[in-house]
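# Architecture and fold: a report
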Amino acid sequence: MNDPRGHRFLPYHPDAYDEHFALRIPLTLWVVLLYALHAECLLLLGHLPQAGAELGYLLAYVAPNELVASLPALAVLVAALRRRPTAGRLPRHLWRHGAWLLLASLVADLALALTSRHGAWAAARVAGDLASIAVVVTSARIRDTFADFPRLPV
């Protein structure tokens, strides 16, 4: 994938690559990653200083085991934010295994949602988890993005 020689060697449109000739992270992957981190997002929203009582109820939907289940997705987010040629070995390793980490987080959340007693919220989580798992498993672009990492300049 990291081939700056020309368009005929690139499996995707040239706009799909960044300045380091690595595949850009597609919007679908960002959406799945944000969904996988929904427990952290709800926790942050519930603790906003101006939130008060109107958003404080969100904290009832966040359990500690959900935060633990999303830790692999958090590692993928850190690797995504560190995705540049000067990144060390850890972000490269996490990114290379990012699809599996993301799937582990989504499957763990699915298991928790299936055992949840929150009714409609649990049903929405099951649907979101299944849709996200399907996207990660079937998307060739996401698979190729996880296989690609910006290389150090030669």
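This text gives an overview of the structure that appears in the document. (Residues numbered from 1 in each chain as written. Predicted model: local features only at pLDDT ≥ 70, side-chain atom pairs only at ≥ 80, totals over all residues. Heavy atoms only, no water.)

## What about the overall build of the chain?
Counting its secondary structure elements, the chain contains nine helices and zero strands. Across the chain, contacts joining residues at least 24 apart in sequence account for 66% of those joining residues at least 6 apart. (Helix = DSSP H or I, 4+ residues; strand = E, 2+ residues; numbered from the N terminus. Contact = heavy atoms within 4.5 Å.)

## A closer look at the side chain of Asp 109
Structurally, Asp 109 can be placed in helix 7 (residues 98–114). In this structure Asp 109 comes out as buried when scored by relative accessible area, which is 7%. With sequence-adjacent residues up to four places away left out, Asp 109 is seen in contact with Tyr 35, His 38, Glu 66, Ala 69, Arg 125 and Asp 129. (Buried < 20%, exposed > 50% of the residue type's maximum accessible area, 1.4 Å probe, protein only.)

## Notes on the packing of helix 7 against helix 8 (residues 120–138)
Interaxial distance between helix 7 and helix 8 falls to 9 Å at its minimum, and their mutual angle equals 160 degrees. In terms of orientation, helix 7 lies roughly antiparallel with respect to helix 8. The hand of the helix 7/helix 8 crossing is left-handed. Between helix 7 and helix 8, the residues in contact are Ala 99, Leu 102, Leu 103, Leu 106, Val 107, Asp 109, Leu 110, Leu 112, Ala 113 and Leu 114 and Ala 122, Arg 125, Val 126, Asp 129, Leu 130, Ser 132, Ile 133, Val 136 and Val 137, respectively. Of the residues contributing to the contact of helix 7 with helix 8, the split by class is 15 nonpolar, one polar and three charged. (Axes fitted to C-alpha atoms, helices over the stretch in contact; angles between N-to-C directions. Parallel < 35°, antiparallel > 145°, perpendicular 65-115°, else oblique. Left-handed = near helix turned anticlockwise from the far one by under 90°. Nonpolar A, V, L, I, M, F, W, Y, C, P; charged D, E, K, R; others polar.)

## Some points on the nonpolar core
Core analysis: the biggest nonpolar cluster contains 25 residues, and Leu 29, Ala 73, Trp 95, Leu 102, Leu 106, Val 136 and Phe 146 have the highest contact counts within it. When residues of this core are traced back to their parent elements, those giving at least two are helix 1 (27–36), helix 5 (71–81), helix 6 (89–96), helix 7, helix 8 and helix 9 (140–147). Setting aside its immediate chain neighbours within four residues, Trp 95 contacts Ile 25, Leu 29, Val 76, Ala 79, Ala 80, Arg 83, Thr 145, Phe 146, Asp 148 and Phe 149. (Core = buried A, V, L, I, M, F, W, Y, C linked by side-chain atoms within 4.5 Å.)

Interpretation note: all reported values are geometric properties and have no functional meaning in isolation.
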